[in-house]
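Overview (structure and organization)
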Amino acid sequence: MMQERYLNAVIFAILVVLPVWAVWMDEPFTITLMTRAAIFALAAVGLNIALGLGGLVSFGHAVFFGLGGYAMGILAYHAQAYTPLLEAPLLIEGTKSMPVIWLVAILVSTLAALLIGVLSLRTGGVYFIMITLAFGQMFYYFAISWSAYGGEDGLSIYVRNGFPGLNTLDPIQFYGICLVILSVALFAAHKLAKSPFGLALGAVRQVPQRVETVGLNGIRLKLVAFVISGAITGLSGALFADLNRFVSPTMFSWQLSGEIMVFIIIGGVGRLFGPVAGALIFVGLEHWLGGLSDYWHVYLGLLLLLIVLFGRGGIIGMIAGREHSDV
């Protein structure tokens, strides 16, 4: 327990110290890589609530990631084009304000997670996996056919959105925003896991029959976890779109859903900092091995295979031990 807390502190120190070093060494690309890792970690923190706490293996979480991205893209596109998003019955204009965009991304992702969860949670096991995957493919092909916002070619945003008092075009300042949001999400996930709701959700995952005998509705608990998970992942999608100033249908792809799950498996399912460790390792491998070979995923697959076979608790579990108390 204590050893995992020390390891979590080391991981968080990396998130703080490495970008500061990059500023000192004038390495803006390193800051961009860290920003990418922080955003992916945020998406995985969201999925880890559903997977680690609720035992929900979702292969459609890219839906919420993509919805958050398109919420940002559509609002910013109308703002830069000086055209209203909607004229009747109510005038709705675009915006370049990050807080407003985040709010819209969270609301849209929350609504989508609620609707998808109500339908998907009627099933379980492999059927739940396939239904979430089907929803992901539906949104993917809808985005491809949505010619008003770029269709298959995606949508470019020429200037990064603004945050009051900050220069978001400065890589370290934008990274600071992402790090603060990630920290808040980690704190919320920790408190959620220790709350009566989190304990009940963990009980539903392990012994659902006993939970129902004491009067708790397991489906409702899982639905709430799924909605919270989708909202956090949607926020990460908005940040990712702002980082790249570009949105495309690939944000809905099942491959991205799989990658988010890989972050958690590498770091440790149910571990508080598992998603962070997994995202850092993934982005590092993508950068260093991707420069050596186009087939770097082979090495990622080998790492994933070794973890599944010999380190079921992920990297954090292998270092800190199987016992944990964070999530």
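All values derive from a computational prediction rather than experimental measurement.

Before going further, it helps to spend a moment on the overall build of the protein chain. Within the protein chain one finds 13 helices and 2 strands. Sorting the 327 residues of the protein chain into buried and exposed places 48% on the buried side. About 15,600 Å² of surface is accessible on the protein chain, with carbon and sulfur atoms providing 69% of the total. Across the protein chain, 15 positive and 15 negative side-chain charges occur, with their mean positions spaced 16 Å apart.

The final tally for this structure, using the stated rule, is 14 aromatic pairs. With a centroid separation of 5.2 Å and an interplanar angle of 40°, the aromatic rings of F142 and W146 are classed as tilted. One residue, R160, lies across the ring of F174, its end atom 4.4 Å from the ring centre.

With that out of the way, let us pick up the nonpolar core. In this structure, F40, L42, W102, L182 and V276 are the most contacted members of the largest nonpolar core, which totals 98 residues. Ranked by the residues each element gives to this core, the list is headed by helix α2 (residues 28-53), at 17 residues. Ignoring any residue separated from it by four or fewer positions in sequence, one finds L182 in contact with L15, A38, A41, L42, V45 and V276.

Here we come to α2. The end-to-end C-alpha distance of α2, which contains 26 residues, comes to 36 Å, matching closely the 38 Å that a straight helix rising 1.5 Å per residue would cover. Residue L47 marks the point of greatest curvature in α2, where the axis turns by about 35°. With 22 of its 26 residues buried, α2 lies for the most part within the structure. A positive backbone phi angle near 70° is found at G55, which sits one or two residues after α2.

The subject of this paragraph is a nonpolar patch on the surface. A cluster of nonpolar side chains, contributed by V10, I14, L18, W21, W24 and M25, occupies part of the molecular surface with about 610 Å² of accessible area. For I14, the location among the structural elements is in helix α1 (residues 2-24).

This structure, assessed with the given rule, holds 2 salt bridges. Between E4 and R271 there is a salt bridge whose closest N-O contact spans 2.7 Å. Of the two residues, E4 sits in helix α1 while R271 sits in the loop between α10 (254-267) and α11 (274-288), which places them 267 residues apart along the sequence. Of the residues examined, E4 reaches a relative accessible area of 1% and is grouped as buried.

Checked against the element boundaries, T168 lands in the loop between β1 (155-156) and α6 (171-194). Overall, T168 belongs to the buried group, its relative accessible area being 5%. In contact with T168, other than residues within four places in its own chain, are M98, R160, N161, G162, F163, F174 and I177.

All right, on to the packing of α6 against helix α9 (residues 218-244) then. For the pair α6 and α9, interaxial distance at closest approach is 12 Å and the crossing angle is 170°. One element, α6, and the other, α9, form an angle in the roughly antiparallel class. On the side of α6, the interface is formed by F174, C178, I181 and L192, while α9 contributes I228, L235, L239, D242 and L243. Here the contact of α6 with α9 is built from residues that sort into 8 nonpolar, no polar and 1 charged.

For helix α12 (residues 297-310), which comprises 14 residues, the first-to-last C-alpha distance of 20 Å matches the rise-based estimate of 20 Å (1.5 Å per residue) to within 8%. If you check which residues of α12 are buried, you get L300, L304 and I307. All buried residues of α12 fall inside an arc of 60° around its axis, so they share one side. Exposed and facing more than 90 degrees away from the buried side of α12 are V298, L309 and F310. Among the structural elements, α10, α11 and α13 (314-320) are those in contact with the buried residues of α12.

Attention now moves to the confidence of the model for the protein chain. Overall, the predicted model of the protein chain reaches an average pLDDT of 90, with 97% of residues at or above 70. Per-residue pLDDT, averaged within each element of the protein chain, yields its smallest value for helix α8 (residues 208-213) (76) and its largest for helix α4 (residues 98-120) (96).

On to unusual backbone geometry. Unusually for a residue other than glycine, D26 sits at a positive phi of about 55°. Within the fold, D26 resides in the loop between α1 and α2. Of note, R245 is a non-glycine position whose phi angle comes to about 55°, a positive value. Relative to the helices and strands, R245 resides in the loop between α9 and β2 (246-247). Using a relative accessible area of 30% as the deciding quantity, one classes R245 as partly exposed.

Cut-offs and rules
- Positions within a chain are numbered from 1, following the residues in the order the chain's sequence is written.
- Under the rules for a predicted model, residues below a pLDDT of 70 receive no local features and side-chain atom pairs below 80 are neither given nor counted, while totals for whole chains, interfaces and linings still include all residues.
- Excluded from the side-chain calculations are hydrogens and water; all other atoms, namely the structure's heavy atoms, are used.
- Secondary structure elements are taken from DSSP: a helix is a run of H or I of four residues or more, a strand is a run of E of two residues or more, and numbering for both begins at the N terminus.
- Buried residues are those whose accessible area, probed at 1.4 Å on protein chains only, stays under 20% of the maximum for their type, while exposed residues exceed 50% and partly exposed ones sit between those limits.
- Areas reported as accessible are Shrake-Rupley estimates using a 1.4 Å probe. Residue values count occlusion only from the protein chains shown.
- Positive charge is attributed to Lys and Arg, negative charge to Asp and Glu, and no charge count is given to His or to the chain ends.
- Where a charge sits is defined by one atom per residue type, namely NZ (Lys), CZ (Arg), CG (Asp) or CD (Glu).
- Note on aromatic pairs: the rings of Phe, Tyr and Trp (six-membered ring only in Trp) are paired at centre separations within 6.5 Å, and the planes decide the class, stacked below 30 degrees, edge-to-face beyond 60, tilted for the rest.
- To sit over a ring, a charge needs its Lys NZ or Arg CZ within 6 Å of the ring centre and within 35 degrees of the ring normal.
- Definition of nonpolar core: a set of buried residues of the types Ala, Val, Leu, Ile, Met, Phe, Trp, Tyr and Cys, connected through side-chain atoms within 4.5 Å.
- Any two residues having at least one pair of non-hydrogen atoms within 4.5 Å are treated as being in contact.
- To estimate how far a helix should reach, multiply one less than its number of residues by 1.5 Å.
- The bend reported for a residue corresponds to the angle between axes fitted to the seven residues ending at that residue and the seven starting there.
- What makes a patch is a set of residues exposed beyond 30% relative accessible area and free of salt bridges, joined within 9 Å when like-charged and within 5 Å when nonpolar (Val, Leu, Ile, Met, Phe, Trp, Tyr).
- Salt bridge, as used here, is a side-chain nitrogen of Lys or Arg placed within 4 Å of a carboxyl oxygen of Asp or Glu.
- The angle between two axes is taken between their N-to-C directions and runs from 0 to 180 degrees, where each axis is a line fitted to C-alpha atoms and a helix contributes only its stretch in contact.
- Just so you know how the angles are binned, under 35 degrees is roughly parallel, over 145 roughly antiparallel, 65 to 115 roughly perpendicular, and the rest oblique.
- Note on residue classes: Ala, Val, Leu, Ile, Met, Phe, Trp, Tyr, Cys and Pro are nonpolar, Asp, Glu, Lys and Arg are charged, and everything else, Gly too, is polar.
- Read the arc as the range of directions from the helix axis to the C-beta atoms.
- A residue's pLDDT is simply how confident the predictor is in it, with values from 0 to 100.

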